[in-house]
Each structure stands twice: as structure tokens, then as C-alpha cells.
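# Chain and residue survey
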Amino acid sequence: MSIWTPDRIPIALMPMPGEALDSWISSYARRLRTTDRGLLHHIGLSAARVDHMLLRLTEPETHALHKSTGISAEVLRAMTLDSYNRFAVNIPPGRRQLERPPAWAFRSSRTRYCPACLRENGGRGPLLWRLPWAFACTQHQLLLADFCPDCGRPPHPWKVSFTGPRGIGACTRDRLDHAVKGRRRPCATDLFHAPANALPPNGLVLRAQHRVAGLLAAAPDQRPQALIELKQLYALAWRVLRGLRTNRDHAPHLVHTVIDECGGTFPSSFPDGSGQSAYHLSGNSSSRRSGDAASLRTHHVAAGTALAQVALRGGHPEHQRLFEWIVQSDHPSAARDLNLGELAFRWRDSGPDLFARVMSYQDPHTLLHNRLRYASATPTPRRPDRSRADIHRRATIIPAMLWPGWALRLLPVDHLRSQGRVFRVDAFRHGCSGLLLVPGGPADLPYVRAAPLLGNLRATRDRESVEQRVYRGRDLAPAGLRACPAGPRARRTRLTHRLRPPPRHVHRDHCRAEL
């Protein structure tokens, strides 16, 4: 228990668990029969703004609040959005302004709200409502409300000002359409009884909110791993919304089930929540981002997150069909020469597991050298992580023509005979050796630049011998790769990942023996 000092306000009001700082300050001001500004002035913070304090407290602000209320600095900081910085929100250093968060185009400082919670808690609300990932009240099983049902703007349920309203749980936004002689009148709509969509107790939306709430409550040392899953959910969720705009006719039945949970009404035109997405649809236009944030509503985030949760974690009979629909909506073209580099760029922030799953799904639709670069035909596709120096070192231990034993294993003899033609085996062997330089290599060192490292100057002819004449229209190479066991030890023994320069003395002794 803290010691009561002469500087403390005689009447105390403790914060509720998880309460937002602005909600507590306004409730305290009501308890003292004053306004937010009046309370701050009394404790020596005349120039402070509550909306800035909600984002991040300065040291003088923290000290003044602690001295006058007895609330510890740790509790006060936990009531600000800074406690979720770089995790669920983005507040730049040295500034008190919300920038684009890690997920969703939710740039404003508005709050969603649950009418039932406002009734039970005397108009006070949690910090969680300020986060982009908040879309449902798990206690009352309601979809959170976005706007005041009367004025149609994001309300400030707990702000206390001289102009009113005096009652708790009322919308404090100004009604500019009723301005009289330059004075503004408050909206004063009762938010305690605002309409809210009821959610099924065992529905997918509430399950998704429970999961997301658990991730947001992760301890600081567990947040990096939780952020990976949040990014995966977001990467799928905004593509779900894009699919609802562009590919709704082919959506699985599960999609319509979740839409029904969210109220059953989804307009044909709405933002996908991607903001500055991998497609760069938002560009650098601040008006586009602001409009995206303003019109992206709770039921959009709820539907996207609920379906993303099913597609990501599985356990539902339609989870694979849902995942395929999401990826197809992201890239509806089924062309065989799909650019995996472009696809990898669009899914660059989705986390390693989801990235590998997308690459595996798109593997049959791309060319052989792209499949090798991203290892998309293996159980563990991955981004290229080898430098030019690594590929140069690999070239020192690869022959210009693939070893005969390996070449015999790769040649599709039945296919060659069936065509009644004779293929140049030397070109095939040259091409295979050149393709061994492709896996994991950088984008600025494609096959046509890597093959000359082996002295293969007819790189195009050699690659065509492998890729177009032999494997085009067939899935022989991936079949051989998938035949390898998927365990970690087996993966390390695969050919392209075993190619490391030998120790210097071994290489020297080998050269002497050859001479």
C-alpha cells in the first residue's frame, strides 16, 4: 500500500485492470466534479493533452500523475499504447503520433466499444479497444461497435469537457450540423444501448478473438514469436477481404458462414485493410490510407481474422480449401510461368512457415529454375539466402558436366525413347551442373550468369535441354526431390546443400593426385 502524501488528491480512484489511461483520467475527473483539462491543470500539467498522454507518457507527466494519485509509474505506462509499441501499434521515437501499425490500416486514435461493457463499468473502457486487432467482446459475445449510432463518427465515450455532456457513457463528439452562433453542441447520444451484433458462443469469430487476445497478452520475451503469428494472420486476413471483393463467387461455404456471424451484410466495395500492401495499391497517398483506416470496420477485421485463423491453424474440414481460395484470390492466374520472385515479394512479411506453404502450393505453376531457387518442390521452401560469394565458392566444387551417376538418375529414359529422338546428353549434363548453382542464389545471379562460372558458355541451350525439352509439362524433378525424407538430417544431405568447399588441404591433395 502506498503512503499518503500531502501532494495526493484526497479522493482516490484506482484504475480498472487493463483500463486505458484516458478512460481513467476522465473517470477520475468526473469523480472530482471537474473536466479532463481541469484535473490536469490541478496536478500541474496545464499544457498536457490526454490524447498525447494515451500514446506515451513523458517523465514529467508520469511523475505528476504518480505524485498526485499514488499510482505507480509501471501501472501508468501499462495504461498507454506505448506498452504495445512495435507489437500492435507503431509510435515513432521522440514523437507522440500513431503511424501505420504492423497490421491493419488503423492509423487513427479512435476506440471501438462494447455497449454492455460501458454499462457495467460506468462508461470506462480497456486499452484493448484501441488496438487494431480488437473486434469482439468475449465477455458479452458481441461485435464491437465502431461509431456513434446517431452522429456516425467514432465516439469519445469518456471525455469530459465544459460543454458536456454531463452524463456518463454518452457520445462527446460535437454536432457541427447544430452549431448555433459559433458554438458547438455535443452529440450526447447514449452509448450504453447502442446496437451491437451478437456473436454465436462457439463461432469462429469469438475463437479468433480469444486467440488474438492471447497473443497480445504475451510476455515481453514471448512477443517476437507472437508477432510472427500475428503477421501470418494479417497476411491471410487482408487477402481474405480482397478475395471477398474479387473472388466471392468461388469462396468456400465457410466464408459465407463467417459473414453471417458478422451480421450477414458485406458491401461489394470496401477496403481490404492492407494499407501500403505488397501490391503498393495505396502508394504514398495519405488520403488513401486515411480513407482505408476510416472505412475499415469491425466486421471486416473480424471476418478476415476468423477466416485467417482457420486457414493458418487448420483443424477445420475446409481449412485447406479456404487456404487455396485465399492464395488464388491473391494471384488468380494459373499460368505455368508464375514469377516466384514477385510472389515471394508479396508474401515477404508472412513469416517463414506461411511463406513455405504458399511457395509449395504455387510450385506446380512455375518453371524449374525458380523452383530450384526457392526450393519450392521440397518440404521446406525458403527464401534465397546465399550470396554471390557463396555461389562462386560452390562453382569451385562442381564439374562443368554433372557426374555421370547423377545424370543417369535424372534422365527420363522412357520419355526420351517414346519421342523417337536423340537428345544431347552432354548439353543435359552441362545444364544440370549450371542449375546446381541456382538453389538459394541471389536474384542478381540468375542461371545465365551463373553457368559461365563453370565454363558453360552455351547456358541457354543447356538449360533448355533440361527444362524445356525434357521436363516441360512433366513433374519428374519435383517427384525426385519429394522422395527424399523430410527430417532435418535428411535435408542436410541433399545435394545442393551439401556442396561446400572442402578443406584447403584436401583440395590441395586432390589436385596433386590428379596431376
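## Some remarks on the overall build of the protein
Helix and strand counts for the protein come out as 25 helices and four strands. A burial count over the protein gives 48% of its 515 residues as buried. Residue pairs at least 24 apart in sequence account for 67% of intrachain contacts in the protein once pairs closer than 6 positions are excluded. As presented, the protein carries roughly 25300 Å² of accessible surface, and 53% of it is formed by carbon and sulfur atoms.

## Section: the nonpolar core
Counting residues in hydrophobic clusters, the biggest one holds 90 residues, and the most contacted among them are Trp-104 and Val-205. When residues in this core are grouped by element, the largest group, twelve residues, is from helix H8 (residues 223-246). Judged by nonpolar contacts, the second largest core, of 20 residues, contains Ile-398, Ala-407, Tyr-447 and Val-466.

## Quick look at helix H19 (residues 425-435)
Because an α-helix completes one turn every 3.6 residues, residues spaced three or four positions apart along the sequence face the same direction. Among the eleven residues in H19, eight count as buried, and that is most of the element. Of the residues making up H19, those classed as buried are Ala-427, Phe-428, His-430, Gly-431, Cys-432, Ser-433, Gly-434 and Leu-435.

## Quick word on the packing of helix H7 (residues 204-216) against helix H11 (residues 298-313)
Close contact between H7 and H11 brings their axes to 8 Å; oriented N to C, the two are set at 80°. When the axes of H7 and H11 are compared, the pair comes out roughly perpendicular. The segment H7 lies against H11, with Leu-204, Val-205, Ala-208, Arg-211 and Val-212 engaging Ala-302, Thr-305, Ala-306, Gln-309, Val-310 and Arg-313. Class assignment of the residues belonging to the contact of H7 with H11 gives a composition of seven nonpolar, two polar and two charged.

## A word on the packing of aromatic side chains
If you walk through the whole model with that rule in mind, you get four aromatic pairs. Considering the side-chain rings of Trp-104 and Trp-133, the 5.9 Å spacing of their centres and the 75° angle between planes classify their relative orientation as edge-to-face. Taken together, the residues Trp-104 in the loop between helix H5 (73-78) and helix H6 (115-120) and Trp-133 in the loop between H6 and strand S1 (136-137) connect sequence positions 29 residues apart. Judged on exposure class, the residue Trp-104 and its partner Trp-133 are both buried.

## A look at the side chain of Ser-350
Along the chain, Ser-350 falls in the loop between helix H13 (340-346) and helix H14 (352-362). Side-chain polar atoms of Ser-350 contact the backbone oxygen of Trp-347, separated by 2.6 Å. If sequence neighbours within four positions are ignored, Ser-350 has contacts with Gln-232, Ala-235, Phe-355 and Arg-383.

## Structural notes on the environment of Ala-389
Relative to the helices and strands, Ala-389 resides in helix H16 (residues 388-395). In this structure Ala-389 comes out as partly exposed when scored by relative accessible area, which is 39%. Through-space distance from the C-alpha of Ala-389 to that of Gly-441 is 9.8 Å; in sequence the pair is 52 residues apart.

## A closer look at the environment of Leu-307
Topologically, Leu-307 is positioned in helix H11. Taking the C-alpha atoms as reference points, Leu-307 and Leu-254, separated by 53 residues in sequence, lie 8.1 Å from one another. Excluding residues that lie within four positions of it along the chain, Leu-307 makes contacts with Val-240, Leu-254, Val-255, Val-258 and Leu-322.

## A few points about the environment of Ile-168
Tracing the sequence through the fold places Ile-168 in the loop between strand S2 (142-143) and strand S3 (174-180). We classify Ile-168 as partly exposed; its relative accessible area is 41%. Once the C-alpha coordinates of Ile-168 and Ser-27 are considered, the two residues, 141 residues apart in sequence, prove to be 8.8 Å apart. Those residues in contact with Ile-168 that lie beyond four places of it in its chain are Arg-30, Gly-122 and Phe-192.

## Examining the confidence of the model for the protein
In this model, the protein carries an average pLDDT of 80, and 76% of its residues clear a pLDDT of 70 or more. Under a pLDDT of 50 for its full length, residues 275-294 has, in the predicted model, 39 contacts with residues more than four places off or in other chains. The model gives residues 500-515 a pLDDT under 50, and that stretch makes six contacts with residues more than four places away or in other chains.

Reading guide: rules and limits
- Residues numbered from 1 in each chain as written.
- Predicted model: local features only at pLDDT ≥ 70, side-chain atom pairs only at ≥ 80, totals over all residues.
- Heavy atoms only, no water.
- Helix = DSSP H or I, 4+ residues; strand = E, 2+ residues; numbered from the N terminus.
- Buried < 20%, exposed > 50% of the residue type's maximum accessible area, 1.4 Å probe, protein only.
- Contact = heavy atoms within 4.5 Å.
- Areas by Shrake-Rupley, 256 points an atom, 1.4 Å probe, with all protein chains shown as cover.
- Core = buried A, V, L, I, M, F, W, Y, C linked by side-chain atoms within 4.5 Å.
- Axes fitted to C-alpha atoms, helices over the stretch in contact; angles between N-to-C directions.
- Parallel < 35°, antiparallel > 145°, perpendicular 65-115°, else oblique.
- Nonpolar A, V, L, I, M, F, W, Y, C, P; charged D, E, K, R; others polar.
- Phe/Tyr/Trp six-rings, centres within 6.5 Å; stacked < 30°, edge-to-face > 60°.
- Polar contact = N/O pair within 3.5 Å; in protein donor to acceptor, adjacent residues only side chain to side chain.
- pLDDT = per-residue confidence, 0-100.

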